[in-house]
Structures are given as structure tokens and as C-alpha cells.
Amino acid sequence: KALELRPDHAAAWVERGDLFALLGLWDLATADFEEEFKLREPDGPARWYRLALLRLYLGDTQGYRRTCARMRERFRGTHDMEFASEVVRASVLAADPEADLRPLLQQALHAHPARPSIWYDRYILGIVEYRSGNFAQAVEHLQGSLGGHPEWEVRALSYPVLAMAPHRLGRTADARAALQATAEAIDRWTRDRYG
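Note that the structure is a prediction, hence the values are computed from the model and not measured.

1. Concerning the overall build of the protein chain
Now for step 1: The number of helices and strands found in the protein chain is ten helices and zero strands.
Now for step 2: In the protein chain, the succession of helices and strands from N to C terminus is α-α-α-α-α-α-α-α-α-α.
Now for step 3: For the protein chain, buried positions account for 39% of its 195 residues.
Now for step 4: In the protein chain, of all internal contacts separated by at least 6 residues, the share reaching a separation of at least 24 is 50%.
Now for step 5: Of the roughly 11,200 Å² that the protein chain leaves accessible, carbon and sulfur atoms contribute 54%.

Okay, here's the thing in C-alpha cells:
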């Protein structure tokens, strides 16, 4: 009963959708995110990213692609680097053979010179390069992300893509090393989280 909402109260849909997501009730969270978006589209990219991620996780590939397309339209031409990075990040979560990644690549490249040592920017650029089939450039950016700033443990997110890119280049030893580093990072995060 406490979770019943007035249909026109967007803020309540936000809170309930977040609660469902935290509880791992992905289908209910997605439904509430969709209701929220009907009432008002978020001004920032974080909620868009979460809806795209939820839809993809639930296997709704078409819904994921629609969300990303609308997100790209909504934030087209933004000069806010964090907004641009989130748009790019959402759009490369899944491979889309029909997607034109050139605008995303240009957006990511535009952000990079302004903040060349930020690990997250290099990570995003590496993913876009990977999805674009530029595997050598992907490796370069992903390796750069591992040494970027700030020195956060989360930089290890680069390892899974760093395993796939060298594999595509026929560099199996590098791919296996990155897979091993991925496994070690997951084990470390699991111990830290539940230890």
C-alpha cells in the first residue's frame, strides 16, 4: 500500500523506481522509470543511462535502442563533458551493427583533449573505438585509462574491453592477461563489498 502512487507525481515514480532497482526488482524498476519518463524527461543523462541499462539487462533491445536514440537527440550538441560521456556510455553498452558511431566517436574525441589524463574519458573513448572496430586505438585508450586520474580502483572496468580488443588483433597473451586482471578485480571488489 505504501508503494501506491498518484499517476501524475513524477518525483514519486523516481523514488520508487530507485527503490526497486536497489532491491534487484529490475522489471518493476523499468516500469517505474518508463512512467517517470512519460511524465517528464530527465534534464540530466544519469536517469537516461539507467533506463537504457535496465532495458538492455531485461533483454528489451529495441527499447534500449529507442532510449539511446532519444537520449542522443535530447543531449545533441551539449558542451558539458560529463553529459556527453554519459550519452556515449549508454550508446555503446551493446553492439548495434546498424548504429552510426561516427558522431559518438567525434563527441568522445572532442571531450578527450580537454581532459586527457582523466581515466573515465579514456575508458569511454576506448569503448567507442572498440565498438567502431578500431581495436588498436581501443587498446591504446584503455591502457591509458588504467593509469589515468584519479587513482580509483574502478579504473579496472577497462580490463574486460581490454581483453576483447587485443583478442580481435590476434594478441591472445594480452587478452588472457586482461581477463586475469578482470577476474582479480572482481574478486577484490567482492571481498571489499562483503568482507
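Continuing now.
2. Topic: the confidence of the model for the protein chain
Now for step 1: With 89% of its residues at a pLDDT of 70 or more, the protein chain shows a mean pLDDT of 84.
Now for step 2: Confidence scores differ between elements of the protein chain, with helix H6 (residues 102-114) showing the lowest mean pLDDT of 69 and helix H9 (residues 158-168) the highest of 96.

3. Considering the environment of Gln137
Now for step 1: With respect to the helices, strands and loops of the structure, Gln137 is situated in helix H8 (residues 135-146).
Now for step 2: Residues Gln137 and Ile127 lie ten residues apart in sequence; the distance between their C-alpha atoms is 9.8 Å.

4. Overview of the packing of helix H7 (residues 119-131) against H9
Now for step 1: Remark: H7 packs on H9, axes separated minimally by 10 Å, with the N-to-C direction vectors making an angle of 35 degrees. The two elements H7 and H9 cross, and the hand of that crossing is left-handed. Between H7, through Tyr123, Ile127 and Tyr130, and H9, the contact on the second element is made entirely by Ser158, Val161, Met164, Ala165 and Arg168.
Now for step 2: Taken together, the residues of the contact of H7 with H9 sort by class into six nonpolar, one polar and one charged.

5. What about the packing of helix H5 (residues 81-91) against H7?
Now for step 1: Two elements in contact, H5 and H7, have axes separated by 10 Å at closest approach and are oriented at 35 degrees. In the packing of H5 onto H7, the handedness of the crossing is left-handed. On H7, the residues touching Ser85, Glu86, Val88 and Arg89 of H5 are Tyr120, Asp121, Ile124 and Val128.
Now for step 2: Each residue belonging to the contact of H5 with H7 can be placed in one class, and the counts come to four nonpolar, one polar and three charged.

6. With respect to the pattern of salt bridges
Now for step 1: A full pass over the atoms with the stated rule returns ten salt bridges.
Now for step 2: Of the charged contacts, one joins Arg74 and Asp43 as a salt bridge, the two residues approaching to 3.1 Å between their closest N and O atoms. Highlighted residues: Arg74 in helix H4 (residues 61-74) and Asp43 in the loop between helix H2 (26-39) and helix H3 (46-57), separated in sequence by 31 residues.
Now for step 3: By relative accessible area, Asp43 is classed as exposed at 62%.
Now for step 4: Measuring nitrogen to oxygen at the nearest pair gives 3.1 Å for the salt bridge that ties Arg70 to Glu73. A residue pair is termed a helical-turn pair when its members lie 3 or 4 positions apart in one helix, as Arg70 and Glu73 do in helix H4 at three residues.
Now for step 5: By relative accessible area, which is 47% here, Glu73 ends up partly exposed.
Now for step 6: When salt bridges with common partners are traced through the structure, they connect Glu41, Arg70 and Glu73 into a single cluster.

7. Observations regarding helix H10 (residues 172-194)
Now for step 1: The end-to-end C-alpha separation of H10 is 33 Å, in line with the 33 Å expected for 23 residues at 1.5 Å each.
Now for step 2: Buried within H10 are the following residues: Ala175, Ala178, Ala181, Thr182 and Ala185.
Now for step 3: Buried residues in H10 make contact with H9.

8. A look at a nonpolar patch on the surface
Now for step 1: Residues Leu19, Leu23, Leu25 and Leu28 make up a contiguous nonpolar surface patch of roughly 330 Å² in combined accessible area.
Now for step 2: Taking relative accessible area as the criterion, Leu25 reaches 33% and is therefore assigned partly exposed.

9. Concerning the packing of aromatic side chains
Two aromatic rings are characterised by how far apart their centres lie and by the angle between their planes.
Now for step 1: One pass over the full model with this rule turns up eight aromatic pairs.
Now for step 2: Ring geometry for Trp26 and Tyr57: centres 5.6 Å apart, planes at 70 degrees, overall edge-to-face. In this pair, Trp26 sits in helix H2 while Tyr57 sits in helix H3, placing the two residues 31 residues apart along the sequence.
Now for step 3: Relative accessible area serves as the criterion here: at 32%, Trp26 is assigned to the partly exposed category.
Now for step 4: The exposure class of Tyr57 is exposed, given its relative accessible area of 58%.
Now for step 5: Between Tyr130 and Phe135, the aromatic rings sit 5.4 Å apart at their centres with planes inclined by 55 degrees, giving tilted as the arrangement.

Conventions and cut-offs
Residues numbered from 1 in each chain as written. Predicted model: local features only at pLDDT ≥ 70, side-chain atom pairs only at ≥ 80, totals over all residues. Heavy atoms only, no water. Helix = DSSP H or I, 4+ residues; strand = E, 2+ residues; numbered from the N terminus. Buried < 20%, exposed > 50% of the residue type's maximum accessible area, 1.4 Å probe, protein only. Contact = heavy atoms within 4.5 Å. Areas by Shrake-Rupley, 256 points an atom, 1.4 Å probe, with all protein chains shown as cover. pLDDT = per-residue confidence, 0-100. Axes fitted to C-alpha atoms, helices over the stretch in contact; angles between N-to-C directions. Left-handed = near helix turned anticlockwise from the far one by under 90°. Nonpolar A, V, L, I, M, F, W, Y, C, P; charged D, E, K, R; others polar. Salt bridge = Lys/Arg side-chain N within 4 Å of Asp/Glu carboxyl O. Expected span 1.5 Å × (residues − 1). Patch = residues over 30% accessible without salt bridge, like charges linked within 9 Å, V, L, I, M, F, W, Y side chains within 5 Å. Phe/Tyr/Trp six-rings, centres within 6.5 Å; stacked < 30°, edge-to-face > 60°.

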